[in-house]
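A closer look at the structure
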Amino acid sequence: MLVSWNWLTELVDLQINVNDFAEKLTMAGAEVENLSYTAQKLDGIIIAKVLEMAPHRERKNLQVVTLVWGDERAICVTGAQNVKEGDIVPYAPPGATIADGSVLGIEEFDGVKSFGMMLSADEIGLPLLSQEEGILILPQDAPLGGDAASWLGIKDVVLDVSVTPNRGDLLSMVGMAREAHALFTGSRLKELNFSSTTELSDWPVSFEGVTLEDSGCPLYCLGFAEELEIAPSPIKCRVRLALCGVRPISNVVDVTNYVMLLLGQPLHAFDLDKLPAPEITVRSSRNGEKIATLDGREHILSSDDLLITSGGLPIGLAGVMGGANSEIDENTRRILIESAHFLPARISTTARRLGINSEAAYRYARGVDKAKAPLALSCALDLMKKWKCGKVYTSVIREGDAAPVEKFVPLTAKKLKTYTGAGDLSEASSILIPLGFEVKSCSEEKAIYKVPGYRMDVEIEEDLIEEVARIKGYDELAARLPGRIHDSATIGLESRTERKIRETLMARGYIEILNYSFISPKFIADLSIPASDSRANPFALANPLSMDQSLLRTFLLPGMVNVICDNLRKGWRFPVRIFEIGNIFLREGANLIEEKHIAGAIFLGKDDRSPYGDAVRDDFFTMKGDILALADAFRLKFDVLPGSEPFGHAGQTADVISDGRKIGFMAKIKPSIERRLELPASLYVFEVTFEPFLMAKPPRFGEVHRFPSVYRDISLIVPEDVTVKEIGELIGDLSSDLVTSIRLFDIYKGKNIPEGHRSLSFTLEYRHPDKTLSDEEVDELHTRLRAQIESRGLKLR
Amino acid sequence: MVNPKTNDTEDVKNAFIKELKLAKRSEDLNELRIRYLGRKGIVTQMLKSLGTLPPEDRPAMGKAINDLKSTIEDMLKRRMEELALLEEREQERKDAIDVTQPPKGRPWGGFHPVVEVMHELMDIFVGLGFSVALGPEVEDDFHNFEALNIPPHHPARDMQDTFYLQGNELLLRTHTSPVQVRSMLKYGAPLRIVCPGKVYRRDSDPTHSPMFHQLEGLLIDEDVSISDLKGCMVHFIDKVFGRPLKSRFRASYFPFTEPSLEMDVECIACSGKDPACRICKGTGWLEICGMGMVHPKVLRAGGIDPEVYNGFAWGLGIDRVAMLKYSLSDLRILFFGDIAFLAGGVN
Ligand SMILES: [Zn+2]
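The following paragraphs examine the structure supplied in this document. (Residues numbered from 1 in each chain as written. Chains lettered and ligands numbered in written order. Predicted model: local features only at pLDDT ≥ 70, side-chain atom pairs only at ≥ 80, totals over all residues. Heavy atoms only, no water.)

**Quick look at the overall build of chain A**
As a reminder, the rule being used: Secondary structure is summarised from DSSP: a helix means a run of H or I of at least four residues, a strand means a run of E of at least two, and numbering begins at the N terminus for each. Should any heavy atoms of two residues lie within 4.5 Å, those residues are considered in contact. Accessible areas in this description were obtained via Shrake-Rupley with a 1.4 Å probe; residue shielding takes into account the shown protein chains only. Charge convention: Lys and Arg are scored as positive, Asp and Glu as negative, and His as well as the terminal groups of each chain are ignored. Here the site of a charge means NZ on Lys, CZ on Arg, CG on Asp, or CD on Glu.
Looking only at helices and strands, chain A features 20 helices and 40 strands. Principal axes of the C-alpha set define a box for chain A whose edges measure 130 × 85 × 55 Å. Long-range pairs, those at least 24 residues apart, make up 69% of the contacts in chain A between residues at least 6 apart in sequence. Within the structure as shown, chain A displays about 35,900 Å² of accessible surface, and the carbon and sulfur contribution to it stands at 50%. Within chain A, one finds 91 positive and 115 negative side-chain charges whose respective centroids are separated by 5 Å.

Here it is as structure tokens:
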């Protein structure tokens, strides 16, 4: 809301400068986001009259203008088309400064000297002021030779105030003035008086009246004027509107806007002669009904929009915007002025659904005091009279219930003291009364206040506490740490687990990433996810910002892959490891399953050169090491077994198994996908669910070994499709109980090994819990093992 | 063969010293040892020839020879140590490397500033007695709005433009307040929790991201004061930025708190001294956190009797704190996964 400081100080007498006011208003809840000093640079602009105009001898598009004020005259050249002899204009003589700060001088246009220039609304610093191109034409009664800036009142400070949704009452100049009055003790609020209206119609038209068919409109007031002459409104009103960000249109429309700015009550004027019938009915719309609004848009309505109709046809979207069919234009002679009360929820629903952000809807949605409706109508009729818009009638139609809603709210000293540390009710009253509250009763312990009608936000005791506290200022209150600890606090298992996972992965060289939870549908094609895969069936946002962010991710992998691709596009070329911990969203029937996942990726780099060569290159097994280290950190046992994923290299994809259940995958990205994504080097990825990590086992230490271990090696030649795990388990099964560990130390293919086979070499640890094993004892055990392995048809080396 | 009669231990000693000086390797020393101290060595022979001396000369001569023997042994030992040192030094010279070569193996990874700050904040508030509570990111209208005193059509819904899911009534939570509601319903009063996590609003520009992170807190007890709220917030600011910062508390509005406040903190970039400061836009203040005393309607929706208990709640943007702490200018870059940027955070 834009607030003119000049206007405000007309309504409340404040002995304070604008900066101090802005500061205090901000601290009390209405944040002043900006102070703009209008036309501050304007200097030396004179009000002058166009005495004569002559065409320029050389240049057809220019005119030579003679200006006059008092005894003085000046000549200037203009290209403006809208000036004529006798017009009064703002004139900047040489030496004067216009709004943008430039100082005028004497300029020559093909032999004709131009002394300064006549100014447009833009040059004077208030572009909104003029609808037409060219010079700003001032009214005939403007004092010639006077200072244009001060006469117009355009040197002002405009405060841009951010009003919170609960304070609809501040969306008006009188509301702001009241708030200012409450904030500054000793200030005085000016009283506004409007002519009283009568209720019986003496309108010289056969108007049949107003019918209210919908409870969304409890009160509807109508005024009438005829013999209108549609013209610009008085210049000072236009200046005021423009300063407050409203474009002046015509006297009738400007009256409605001026009153809305002043009182906060939206008004609307209908051209009576354009109404389909001499009556107005307020009803709810029918589903599919259409209305064309003033802004030139057509809207299709649902069944609960509130409509102003005439003869069954919509003439306005109640509280939101008038209809184009009853719009005021230059030929309008008779009007009806509406000042009505509508329920906030109805207006906000319609405005939001149709996407109309009108000043009226904005105010109605935040609640307008019902008592304002008749008042604003009187104010508007007064102004129209004052501005001589036409023949204005003081009789009005008032349909519905005008009785104000009375609200009483108690305030106890005890609660006030609990919240603010001080429980002084008479001090509270001294704060509340300037805000418009009335003391209904008051004792030491409890006071009851009558809430003013415009404070729809005040309903309970805490609301009154807020009023008292905010006007006093929160900085007055001491800060202290709350006492009374009831239990020890904890970061909790989930956060603790997450912390350990991220710290483990970071220590193993992974960079932490946060991706958006929404992804682009193209991941399905990019990663060749078949339609049958639950990951290819994500939940979609109903109102995404863009297609790229339209689906809820079903796993973290697409984000990981995107990060690599995006960075490659930005020129990244080296090996890198990244990880993310985040939630994914899966569809299970009609239900949504939200699950935390951990994903990682190792990109081998477009440039993987290293002084150490291959020794430091990552591969499937370094990533496997990371996953198993993660498991070890939580004393969990994961298995990595051959598996398959649609995006995984058929020969380098594994399931990650915990407790016999697949909890994720690790894989090298499929060659065809690497090509599709233009990956210049291999990409390894893993993703596992978070939940198994919550099952961390407590640490357990074994006995200290008292007798030394003895080691023996064994090498087997096995077909290539037999896994290390299978052989390891076979050795484990066949060997003596005294074998305490089996460790693979060599894999060999090539010379002396038949095609399609490989040699696997293990070292076995023999240890007896109660004695030192002799070489002979171990040899015997080991020989027996070798024999048993051979008896299974496996070849030893 | 040495004639013990004419032999002078000094001569032998001098001869040994001369030879010792020529020994350059440990093998040379071994050879010397054998020649002097071996079974047939010079000194051994001298000892053996003692018997040929007159008995009255034997003790003096015996002592002289034994002294000679231990002198030679000492010198050999000392020389041996010197040589070993020289040889080691030579070996090390050959094995010398350029320690400024890059390391092998993986560097430390890198943290995301937002997650790092989130954990830091959790620790600060755990220290103040607040336990961490978590909840789902996809929520329903009740937990995200209704229970927080934001009925349908309430203008406050405009403050938080919401992402809805297609085909059902679910939405992406616009704040972590639903976790407060869930915690009240689960644990009742008294209660001290903080709720960190992702939240979503339909907004995207340099200072707004459609996904960001909040840490909300809730304290419910008997006779809670606005002073308690201020105390917690001032404490947290001092801890997170590592020094006491000026702060101010303004009145504000949130549907779920009454009274409602906003906390501003002295601009950490310019301390309010630079009218052209881009961080605070010259105001000298940074909006840091919305807060207030929990609205009785919210307590009731959480199953807590507002006649007995009251409390306070706050909600702060973790991303914003991270941006201030690490001097970042564009919020959205946090979610672009820029490796150079994130790895740069390590240095
Ligand atoms: Zn600053």
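**Quick look at the coordination of the zinc ion**
All names here are of chain B. Which entries qualify depends on this criterion: With water excluded from the atoms, a metal site may look incomplete; its donors are any N, O or S atoms within 2.8 Å, or within 3.2 Å for Na, K and Ca. In short, tetrahedral needs four donors with all angles between 85 and 135 degrees, square planar needs four and octahedral six donors with opposite donors over 155 degrees apart and all other angles between 65 and 115, and whatever is left is irregular. The classification of residues rests on relative accessible area computed with a 1.4 Å probe and restricted to protein chains. Under 20% of the type maximum is buried, over 50% is exposed, and intermediate values are partly exposed.
Surrounding the zinc ion are the protein donor atoms C267 (SG), C270 (SG), C277 (SG) and C280 (SG), which sit 2.2 to 2.3 Å from the metal. Geometry at the zinc ion is tetrahedral, judged from the four donor atoms that bind it and their angles of 104 to 113° at the metal. The buried category is assigned to C277, whose relative accessible area is 6%.

**Comments concerning the interface of chain A and chain B**
Quite often, the size of an interface is put as the accessible area lost when its parts meet. How we decide: As a working definition, buried area equals the accessible area (1.4 Å probe) given up by two parts on being put together, with both sides summed. Identification of polar contacts relies on pairs of N or O atoms within 3.5 Å, with a donor-acceptor requirement for protein atoms, meaning one able to donate a hydrogen and the other able to accept it, and with residues adjacent in sequence counted only if both atoms are side-chain atoms. Gly counts as polar in this scheme, as do all residues outside two lists: the nonpolar Ala, Val, Leu, Ile, Met, Phe, Trp, Tyr, Cys and Pro, and the charged Asp, Glu, Lys and Arg.
Tallying the contact residues gives 90 residues for chain A and 93 residues for chain B. Carbon and sulfur atoms make up 57% of the surface buried where chain A meets chain B, a total of about 7,800 Å² over both sides. Across the chain A-chain B interface, the total number found is 43 residue pairs in polar contact (both at pLDDT 80 or more). The element that contributes the greatest number of residues to the side of chain A that touches chain B is strand β31 (residues 576-588) of chain A, accounting for seven residues. Taken together, the residues of the side of chain A that touches chain B break down into 44 nonpolar, 22 polar and 24 charged.

**What to know about the side chain of S302 of chain A**
Residue and element names in this part refer to chain A. Note that S302 resides in the loop between β18 (298-300) and β19 (306-310). Among the polar contacts listed, one links the side chain of S302 to the side chain of R353, at a separation of 3.1 Å. Here S302 is in contact with S285, R286, N287 and R353, once residues within four sequence places are set aside.

**Notes on the pairing of strand β37 (residues 710-719) of chain A**
Residues and elements named next belong to chain A. Here is the rule: Here, any two strands with at least 2 DSSP bridges between them count as paired.
Within β37, seven of the ten residues are buried, which leaves the element mostly enclosed by the surrounding structure. Direction of pairing for β37 relative to strand β40 (residues 795-796): antiparallel, over a ladder of two bridges. Of the residues in β40, the one forming a bridge with L716 is L796.

**A short note on the environment of G322 of chain A**
Residues and elements named next belong to chain A. Relative to the elements of secondary structure, G322 occurs in strand β21 (residues 321-322). Note on G322: relative accessible area 5%, which makes it buried. Between the C-alpha atom of G322 and that of L307, which follows or precedes it by 15 residues, the distance is 9.7 Å.

**Digging into the nonpolar core**
This is how the line gets drawn: The term nonpolar core refers to a set of buried residues drawn from Ala, Val, Leu, Ile, Met, Phe, Trp, Tyr and Cys, joined through side-chain atoms within 4.5 Å.
Core analysis: the biggest nonpolar cluster contains 149 residues, and L8 of chain A together with M233 and W314 of chain B have the highest contact counts within it. Among residues more than four places away in sequence, those in contact with W314 of chain B are F125, F130, Q180, V194, L215, E216, G217, L218, M233, C289, G290 and M291 of chain B. In this structure, L551, M560, V563 and L677 of chain A belong to the second largest nonpolar core, which totals 66 residues.

**Structural notes on the packing of aromatic side chains**
The criterion, for reference: Any Phe, Tyr or Trp ring, taking Trp's six-membered ring, that has another such ring centre within 6.5 Å forms a pair; planes under 30 degrees apart are called stacked, those over 60 apart edge-to-face, and the others tilted. Two thresholds decide whether a charge sits over a ring: the Lys NZ or Arg CZ must be within 6 Å of the ring centre and within 35 degrees of the ring normal.
This structure, assessed with the given rule, holds 29 aromatic pairs over all chains. Aromatic side chains F254 of chain B and F256 of chain B sit 6.0 Å apart centroid to centroid with 15° between the ring planes, which places their arrangement in the stacked category. Comparing F254 of chain B with F256 of chain B, the two get one shared label, buried. By way of ring pairs, the aromatic residues Y516 and F518 of chain A together with F163, Y200 and F335 of chain B are connected into one cluster. Seen from the ring of F184 of chain A, K24 of chain A lies directly overhead, with NZ or CZ sitting 5.2 Å from the centre.

**Quick word on the packing of helix α7 (residues 251-263) of chain A against helix α10 (residues 372-386) of chain A**
All names here are of chain A. Spelled out, the test is: Axis lines are fitted to C-alpha atoms, over the contacting stretch for helices. Their N-to-C directions set the angle, which ranges from 0 to 180 degrees. When an angle is under 35 degrees it counts as roughly parallel; over 145 it counts as roughly antiparallel; between 65 and 115 it counts as roughly perpendicular; any other value is oblique. Two helices crossing with the near one rotated counterclockwise from the far one by less than a right angle form a left-handed crossing, whereas a clockwise rotation gives a right-handed crossing.
The interhelical angle for the contact between α7 and α10, taken along N-to-C directions, is 135°, at an axis separation of 9 Å. With respect to α10, the element α7 is oriented oblique. α10 is crossed by α7, and the crossing has right-handed handedness. Facing α7, whose interface residues are V255, Y258, V259, L262 and L263, α10 presents K372, L375, A376, C379, A380, L383 and M384.

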